[in-house]
Amino acid sequence: MTSPRPGRPEDVSQSVPKVLRVSAALSWRLLAVAGAVWLISWVVGYLAVVIIPVAIAMLLAALLAPAVAQLVRWKVPRGVATAIVLIGGIALVGGVLYGVITAFIGGLPDLQKQVVSSVTQIKQWLEGPPLRIPDSQLLDLPNQIIKLIQDNQLTITTSALSTAATVTEVLTGVLLVLFTTIFFLHDGSGIWSFMVRIIPADVRPRVDVAGRRGFASLVRYVRATAAVAVVDAVGIGIGIGIVGVPLAVPLAALVFLGAFIPIIGAVIAGTVAVLVALVAKGFVSALIVLAIVIAVMQLESHILQPLLLGRAVQLHPLAVVLVIAAGFTFGGIAGALMSVPILAVLNSGIRSLLHDQGVDPSEVDPTRPPKVEPGHNGKG
């Protein structure tokens with residue numbers, strides 16, 4: 001009877017089927033990746049009050065950086081160029097907000113009158129066939145609403161206090177966004193150069209190029225999204241204005257903001273417009289507004305998205321939908337807003353790492369993104 005030689009233990013792994021060995025190796029690696037993702041998501045959630053404003057500042061910097069770069073090319077000092085662009089942007093946003101708020105205040109009286117008329121029509125519809133709800137139940141509905149509010153007074157009070165705290169956080173976040181955007185615009189290249197120094201020297205140029213490609217993709221994404229948002233807002237705003245729905249300007253502004261969450265945001269904002277039309281103008285007007293929203297969404301999905309966003313970020317629509325759903329699951333509205341830009345930056349950066357070789361980082365200007373991304377021949 002033979003026995004294993006001393007000092008040479010049996011290789012038990014060879015007795016395990018190869019499929020099981022490969023599955024086990026993949027499993028523990030997947031667990032390690034999942035653990036890393038969970039840890040990163042926990043850190044991001046814990047530092048959300050800082051990370052979200054910085055991410056928004058990055059989007060604003062991507063939108064405004066080309067204007068600053070153009071002024072610098074016209075021999076304007078960078079500090080002055082940054083001040084001009086920021087002050088101009090704040091003035092533009094302030095003017096738009098003033099117009100929206102003025103239109104909202106001016107449209108409230110008309111909305112109240114139309115709501116009273118529509119509620120009367122809805123009451124008559126509920127009393128008639130096929131529902132035939134007794135008039136006594138409809139008259140008692142306001143009392144039931146008041147009783148519901150009284151029964152949940154503690155919850156409402158707590159929510160109000162929570163809202164006050166949220167407002168404070170929002171104001172703090174706005175200030176952080178403003179200051180971060182200023183530094184990104186004024187010294188973004190210096191910040192990036194400092195971050196790249198931690199990368200090993202042998203791969204530093206490729207990482208530098210990949211980062212510049214990623215920011216260029218972000219610039220294209222913000223530009224394309226803003227263009228799509230303008231078209232959505234103008235189309236739906238003009239449509240509901242022709243129908244006579246009150247608060248057309250505020251609703252158009254809501255559509256513009258919602259369009260920055262691709263596919264989903266504009267649909268939700270359009271749904272709000274349909275509901276306002278239903279309450280204010282009745283069922284027929286709501287159907288017309290719904291048809292307008294669907295037409296604009298079709299224009300966005302079949303023309304604007306492929307021509308603008310498709311070329312800007314080169315992402316499949318299914319990938320966009322899935323990453324928005326995942327972002328909303330993990331981070332709510334902020335996660336849905338940031339998910340597509342993050343995917344676009346990663347997509348462009350990874351393609352650059354795979355295909356860009358021997359490219360001098362100084363040759364890549366993120367404010368002037370190339371027409372053809374690395375790894376693509378421009379034919380599809």
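None of the values given here were measured: they were computed from a predicted structure.

Undergrad: Even after reading the chapter, I still don't get the overall build of the chain, so can you show me in this structure?
TA: If you tally the helices and strands in the chain, you get eleven helices and zero strands. In the chain, the order of α-helices and β-strands from amino to carboxyl end is α-α-α-α-α-α-α-α-α-α-α. A buried classification covers 30% of the 380 residues belonging to the chain. The contacts in the chain between residues at least 6 apart in sequence include a share of 71% that link residues at least 24 apart. Carbon and sulfur atoms make up 73% of the accessible area of the chain, which totals about 24,000 Å².

Undergrad: I keep staring at the confidence of the model for the chain and nothing clicks. Help me out?
TA: When the pLDDT values of the chain are averaged, the result is 77; 75% of them are 70 or greater. Per-element confidence in the chain is highest for helix α2 (residues 48-73), whose mean pLDDT is 88, and lowest for helix α4 (residues 135-139), whose mean pLDDT is 57. Counted against residues more than four places away or in other chains, residues 372-380, with its pLDDT under 50, gives 14 contacts.

Undergrad: So what exactly am I meant to see when it comes to the packing of aromatic side chains here?
TA: How two aromatic rings sit relative to each other is set out by the distance from centre to centre and by the angle between their planes. Summed over all chains, the structure comprises one aromatic pair. Ring geometry for W42 and Y46: centres 5.5 Å apart, planes at 15°, overall stacked. Of this pair, W42 and Y46 both sit in helix α1 (residues 18-46), four residues apart, roughly one helical turn. With a relative accessible area of 47%, W42 lands in the partly exposed category. Y46 gets classed as exposed once you look at its relative accessible area, which sits at 61%.

Undergrad: Sorry, what's going on with the pattern of salt bridges here?
TA: Evaluation of the coordinates by the stated rule reveals one salt bridge. Across the salt bridge formed by R212 and D208, the nearest N and O atoms sit 3.0 Å from each other. Of this pair, R212 and D208 both sit in helix α7 (residues 204-243), four residues apart, roughly one helical turn. The two residues R212 and D208 agree in class, both being buried.

Undergrad: Any chance you could explain the environment of G106 here in plain terms?
TA: The topology assignment puts G106 in helix α3 (residues 78-127). By relative accessible area, G106 is classed as exposed at 55%. For the pair G106 and P246, spaced 140 residues apart in sequence, the C-alpha to C-alpha distance is 9.4 Å.

Undergrad: Would you explain unusual backbone geometry in this entry?
TA: In terms of backbone geometry, most residues other than glycine have negative phi values and most peptide bonds are trans. Phi is positive for K75, which is not a glycine, with a value near 70°. Positionally, K75 belongs in the loop between α2 and α3. By relative accessible area, K75 is classed as exposed at 75%.

Undergrad: Explain the nonpolar core to me, please; I cannot follow it from the model alone.
TA: One recurring pattern in soluble globular proteins is that nonpolar side chains are buried together. Within the largest apolar cluster, 21 residues are counted, with the highest numbers of intra-cluster contacts made by I236, I240, V245, L251, V289, V293 and M297. Where this core is concerned, the elements lending two or more residues are α7, α8 (248-258), α9 (264-281) and α10 (283-313). Once you skip the residues sitting within four places of it in the chain, V289 turns out to touch I240, V243, V245, A273, V274 and A277. Counting residues in each nonpolar core, the second largest holds 15 residues, with L59, V323, I324 and V340 among its members.

So, how was this worked out
- Residues numbered from 1 in each chain as written.
- Predicted model: local features only at pLDDT ≥ 70, side-chain atom pairs only at ≥ 80, totals over all residues.
- Heavy atoms only, no water.
- Helix = DSSP H or I, 4+ residues; strand = E, 2+ residues; numbered from the N terminus.
- Buried < 20%, exposed > 50% of the residue type's maximum accessible area, 1.4 Å probe, protein only.
- Contact = heavy atoms within 4.5 Å.
- Areas by Shrake-Rupley, 256 points an atom, 1.4 Å probe, with all protein chains shown as cover.
- pLDDT = per-residue confidence, 0-100.
- Phe/Tyr/Trp six-rings, centres within 6.5 Å; stacked < 30°, edge-to-face > 60°.
- Salt bridge = Lys/Arg side-chain N within 4 Å of Asp/Glu carboxyl O.
- Core = buried A, V, L, I, M, F, W, Y, C linked by side-chain atoms within 4.5 Å.

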